[in-house]
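Summary of the model geometry
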Amino acid sequence: MAVLPCGVHFSAYKEAKSFLHTPYQWTSLIILFIFLLLLPFILPAKLVSMMSIMAILLVVVLGLQITTGLSGQINLGQSAFMGMGAFATASLAINFHLPFWLSIPGGGLAAALLGIIFGMPALRVKGFYLALTTMAAQVLFPLLILNLPSSWFGSSMGLGLEPAKIGSYVIQSRTGLYFLVMGGAVIMSFFAFNLTRSRTGRALVALRDNDIVAEIMGVNLFYYKTLAFAIGAMFAGIGGGLWAYYLRFVMVDQFTLWNSIWYVGMVIVGGTGSILGAIFGTFAIHGLEELLVTLGPWLSEAFPNLGGTAWFTGMNVVLGGVIILFLIFEPKGLAHRWSVIKHSFRIWPYPYL
Amino acid sequence: MIDFIQYAFDGFLIGLLYAMIALAFIVIYRSSRILNLAQGEVVVFGGFIVFQFATIWNMPLWLALPLSFICVIILGFFIERGIFRHLIGESLFTNVMVTIGLMIFLRGIMLMVWGPAPKLFPNIVSGVPVNIGPFIFSRAILYGGLLSFVIFFVFYLALEKTRWGLTMTAVAEDPVCAQSLGISVKRSVAYAWALGFVLSTIAALIFLSGQSIGFLASSIGLVALPVALLAGMESIWGAPLAGIIIGVGEALCKAYLDDYTNGTMSEAFPFIIMLIVLLIRPQGLFGWKIIERV
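Conventions adopted
Residues numbered from 1 in each chain as written. Chains lettered and ligands numbered in written order. Predicted model: local features only at pLDDT ≥ 70, side-chain atom pairs only at ≥ 80, totals over all residues. Heavy atoms only, no water. pLDDT = per-residue confidence, 0-100. Helix = DSSP H or I, 4+ residues; strand = E, 2+ residues; numbered from the N terminus. Core = buried A, V, L, I, M, F, W, Y, C linked by side-chain atoms within 4.5 Å. Buried < 20%, exposed > 50% of the residue type's maximum accessible area, 1.4 Å probe, protein only. Contact = heavy atoms within 4.5 Å. Phe/Tyr/Trp six-rings, centres within 6.5 Å; stacked < 30°, edge-to-face > 60°. Salt bridge = Lys/Arg side-chain N within 4 Å of Asp/Glu carboxyl O. Arc of directions from axis to C-beta. 1 Å grid on protein atoms, 1.4 Å probe; cavity = no way out; pocket = protein on both sides within 12 Å on 5 of 7 lines; lining within 4 Å. Points joined across faces, edges and corners; volume = space filled by probe spheres on them.

**Topic: the confidence of the model for chain A**
Taken as a whole, chain A shows an average pLDDT of 86; of its residues, 95% reach a score of 70 or greater. The secondary-structure element of chain A with the lowest mean pLDDT is helix H7 (residues 150–153) of chain A, recorded at 76, while helix H11 (residues 221–247) of chain A shows the highest, at 93.

This is the structure in structure tokens:
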């Protein structure tokens, strides 16, 4: 049970469901937002781009967290859903000249549709069989894109799109793009956090914990399993749409099975089933990756006999090792560690309650 | 007509190769209930170990092959000791996820040790193709196909007819129950991984003989997944049948349909079959139908 800060007690369910209880927590949130607003002006350019990519990945990983972590439906096709969103967004922007605030949700819907199609088997099969269906989605997705008419999704050439515009302001600068993707990430995190405490969120958790019992208790399995995929894929699609506007070029090669696997890794390291975990996981893994890429040249200079590529490829060993170690020693991920630390601060100086 | 039969036979032989990889997958699954998504990486890893002995350390094949097999068996035991022993009794979700971790880890090691560029794999059997009547076959694949029948038979006998094989099957059915009946779950999982590694290495020898080896070759593991699923995840004899169905179908798609679909039909075929199997008969052709009770 969560240990609450001193002096917090509830007299209504509504209060018990809220995330923020004390003025101190509200202040911290506001400070976080101010920090996010000021970030592009205080950090060097390289870090700003890194934060933008992280924000996009965060949206995708949040979706995976909802499908896999919250609802327990293993999904190895998140990158395909992201790709679907990116291609649909680009196509809507190019062929129908929709502004970004319509084309990105449009991409999300297209991805949700794909998610529903490949999530449908979830009713009949579960567990690892589901991993296989979503893996099939991941393998079939590029083949689908490549075989559709090139005016739809650009076939093998990919699609290049115009920068997003608000009125006459063109979002093209690093700062502008940062605000676009970070804005998307904040809105989607807000949705994700709120989903966990809604009726839908509880139904999803019920079907993760035991779907037969959930069905007996009146949770409509077909509806909620499909919904879990639809929501997860929609997040991926939105992430894909942001990606499309961020890079302004989408291609099939950007959305591989390998990326999907990395997203799963982020969920595991962050902590399955926790929205905060998705945030931790994305930042930890992507941060680690960026760190290795930055340190790589320096390290290969310091240890030349190991070869230049060893440090970049070493990332795989680190990530694979980290996933295995987390599953063995800390299956609840960083989010659990974080709450343990938080609790021990709250009950300090007592060792436990 | 000659062309058609040639395509079908090529598909048949490739299908047996797929079946062998699928068998590695099935052996691990039916002895430990672990779905090994890292199968493709395991195959290539076995290949790289042979490459290390035969090419880099320049050993003759009669020495390199036994050494590599000993090496992969030790590796299999190592994986059980290091990873899966800690996860006995954990949820299926954890077991699937840990193989994903293993997949990334193995690929990382391959990239670090042997580098990303493709290397030339030694010729295990001569590269000269065989002519049988009007048909031409790659020697490695043909011998591999013949060998695979022996392997299927041996594995069938070992897993279905011996006491040892049945204890492994019991572990797959219910690890907790098996443990309480005095069967060592740890040992079963360890043997499963060792056997899986050996089979994968044999498959790698056939698949890679005289070809180039690189980490991307692991995509063959992706094709073996639909084969294992179609066979039924517990069925030894299902594997060659399913392998042949997928292999022949893929070869014929490649020959006749790829021209109309930008060369993608053959790639998509196994996965379309997989989706159909999942929707119609998730336990595959000869798998066990498991009824879930609360």
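**Things to note about the nonpolar core**
The tendency in soluble globular proteins is for nonpolar side chains to be buried as a group. Ranked by internal contacts, the top residues of the largest apolar core, which has 206 residues, are Phe87(A), Val250(A), Leu37(B), Ile83(B), Trp193(B) and Met233(B). When neighbours within four sequence positions are excluded, Leu37(B) is seen to be in contact with Leu76(A), Leu132(A), Met135(A), Val96(B), Thr99(B), Ile100(B), Met103(B) and Leu225(B).

**With respect to the packing of aromatic side chains**
Given two aromatic rings, one states the distance between the centres and the angle between the planes to describe the pair. Per the stated rule, a full pass over the model turns up 24 aromatic pairs over all chains. A centroid spacing of 6.4 Å and a plane angle of 50° characterise the contact between Phe190(A) and Phe191(A), whose relative ring orientation is tilted. Here Phe191(A) falls in the partly exposed class, since its relative accessible area comes to 46%. Here Phe9(B) and Phe12(B) contribute two aromatic rings whose centre-to-centre distance is 6.2 Å and whose plane-to-plane angle is 75°, an arrangement assigned as edge-to-face.

**Let's talk about the pattern of salt bridges**
Residues and elements named next belong to chain B. This structure, assessed with the given rule, holds 8 salt bridges over all chains. Close ionic contact of Arg30 with Glu160 constitutes a salt bridge, the shortest N to O distance being 3.2 Å. Taken as a pair, Arg30 in helix H1 (residues 2–32) and Glu160 in helix H5 (residues 139–161) lie far apart in primary sequence, 130 residues in all. A relative accessible area of 33% means that Glu160 is categorised as partly exposed.

**A short note on helix H9 (residues 199–209) of chain A**
A turn of α-helix holds 3.6 residues, and therefore any two residues three or four places apart point the same way. Residue and element names in this part refer to chain A. Turning to H9, its buried residues are Gly201, Ala203, Leu204 and Leu207. Down the axis of H9, the smallest arc covering the buried residues is 160°, so these residues share one side. When the buried face of H9 is taken as reference, the exposed residues oriented beyond 90 degrees from it are Arg199 and Asp209. Residues of H9 that are buried make contact with helix H3 (45–70), helix H8 (174–196), helix H10 (211–216) and H11.

**Concerning the environment of Leu325(A)**
On the secondary structure map, Leu325(A) appears in helix H14 (residues 310–329). With 227 residues separating them along the chain, Leu325(A) and Leu98(A) place their C-alpha atoms 46 Å apart.

**Topic: empty space enclosed by the protein**
Residues and elements named next belong to chain B. On inspection of all chains with the given rule, the structure shows 1 cavity of 30 Å³ or more. Its boundaries defined by the atoms lining it, the largest cavity holds a volume of some 30 Å³. As for the largest cavity, its lining consists of Leu13, Leu16, Leu17, Met20, Ile141, Gly144, Gly145, Ser148 and Ile206. Every element with two or more residues in the lining of the largest cavity is listed here: H1 and H5.

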